[in-house]
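Chains, contacts and geometry: an overview
Spelled out from the first residue to the last, the chains are:
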Amino acid sequence: QVELVESGGGWVHPGGSLRLSCVASRLTFRIRPMAWFRQAPGKEREFVAAIDWNSPTIDYAEAVKGRFSISRDNAKDTVYLEMNSLKPEDTAVYYCAAGRPLFYSITTEAMYYWGKGTLVTASS
């Protein structure tokens, strides 16, 4: 069974930073795009960031540009999300997702596998 396990969530003051990790198991990680999505209470799940299998293509939601950074380590089957200058509106459950092999997309519908999420709370 494929597993995506997120970690690194927690509470931080606005302006603080957190680094999320997602480790993939039993997945052809190196040839899949990876992405982060988030879902705040009462809202739809929304795109945050994505990175393709070779890393030249990276996308960010407008709300996080300049503050968040996605990266991956294919040797460790791990994708990261570095979050800086966190705002209260960043508070959400953050989900790691894997797309189709050799097919890049940033839509929710294009994601094949999902992690269970990790909660990020930015508040005073």
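The following paragraphs examine the structure supplied in this document. Starting afresh in each chain, residues are numbered from 1 along the sequence in its written order. Side-chain atom pairs in this predicted model are given and counted only at pLDDT of 80 or more, local residue features only at pLDDT of at least 70, and totals for whole chains, interfaces and linings cover all residues. Remark: hydrogens and water are excluded; side-chain values derive from all non-hydrogen atoms of the structure.

Attention shifts here to the overall build of the protein. Scanning the protein from N- to C-terminus turns up 0 helices and 11 strands. For helices the rule is a DSSP run of H or I covering at least 4 residues; for strands it is a run of E covering at least 2, with both sets numbered from the N terminus onward. Going from the N terminus to the C terminus, the protein shows its helices and strands as β-β-β-β-β-β-β-β-β-β-β. Both definitions apply: the radius of gyration is a C-alpha atom measure, and the globule rule equals 2.2 Å times residues to the power 0.38. A compact globule built from 124 residues would reach a C-alpha radius of gyration of about 14 Å, and the protein, at 13 Å, matches this within 12%. Counting only C-alpha atoms, the protein reaches 40 × 30 × 30 Å along its principal axes.

Within a pair of aromatic rings, the relevant descriptors are the distance that separates the centres and the angle that separates the planes. Two aromatic rings, drawn from Phe, Tyr or Trp (for Trp, its six-membered ring), form a pair once their centres lie within 6.5 Å of each other, and the interplanar angle then sorts them: stacked below 30 degrees, edge-to-face above 60, tilted otherwise. Counted by the stated rule, this structure contains 3 aromatic pairs. Note on Phe37 and Phe47: the rings are 5.8 Å apart at their centroids and 75° apart in plane angle, and the pair reads as edge-to-face. With Phe37 in strand β4 (residues 34–39) and Phe47 in strand β5 (residues 46–51), this pair connects stretches of sequence that are 10 residues apart. Of the two residues examined, Phe37 and Phe47, each falls in the buried class. Cluster of aromatic residues (ring-pair linked, three or more members): Phe37, Phe47 and Trp114. The rule is short: NZ of Lys or CZ of Arg within 6 Å of the ring centre and within 35 degrees of the ring normal puts a charge over the ring. Its guanidinium or amino end placed over the ring of Phe29, Arg72 lies 4.3 Å from that ring's centre, counting from NZ or CZ. Seen from the ring of Phe103, Arg100 lies directly overhead, with NZ or CZ sitting 4.5 Å from the centre. Any residue under 20% of the maximum accessible area for its type is buried, any over 50% is exposed, and the rest in between are partly exposed; the area is computed with a 1.4 Å probe on protein chains only.

Trp36, Val79, Leu81, Met83 and Tyr94 are the most contacted members of the largest nonpolar core, which totals 35 residues. Listed by contribution, the elements that provide at least two residues to this core are β3 (18–25), β4, β5, β7 (68–73), β8 (78–83), β9 (92–99) and β11 (118–122). Contacts are assigned to residue pairs with any non-hydrogen atoms lying within 4.5 Å of each other. Residues within four places of Val79 in sequence aside, it is in contact with Leu20, Ser21, Cys22, Phe29, Met34, Trp36, Ile51, Ile70, Ser71, Arg72 and Cys96. Put simply, buried Ala, Val, Leu, Ile, Met, Phe, Trp, Tyr and Cys residues joined by side-chain atoms within 4.5 Å make one nonpolar core.

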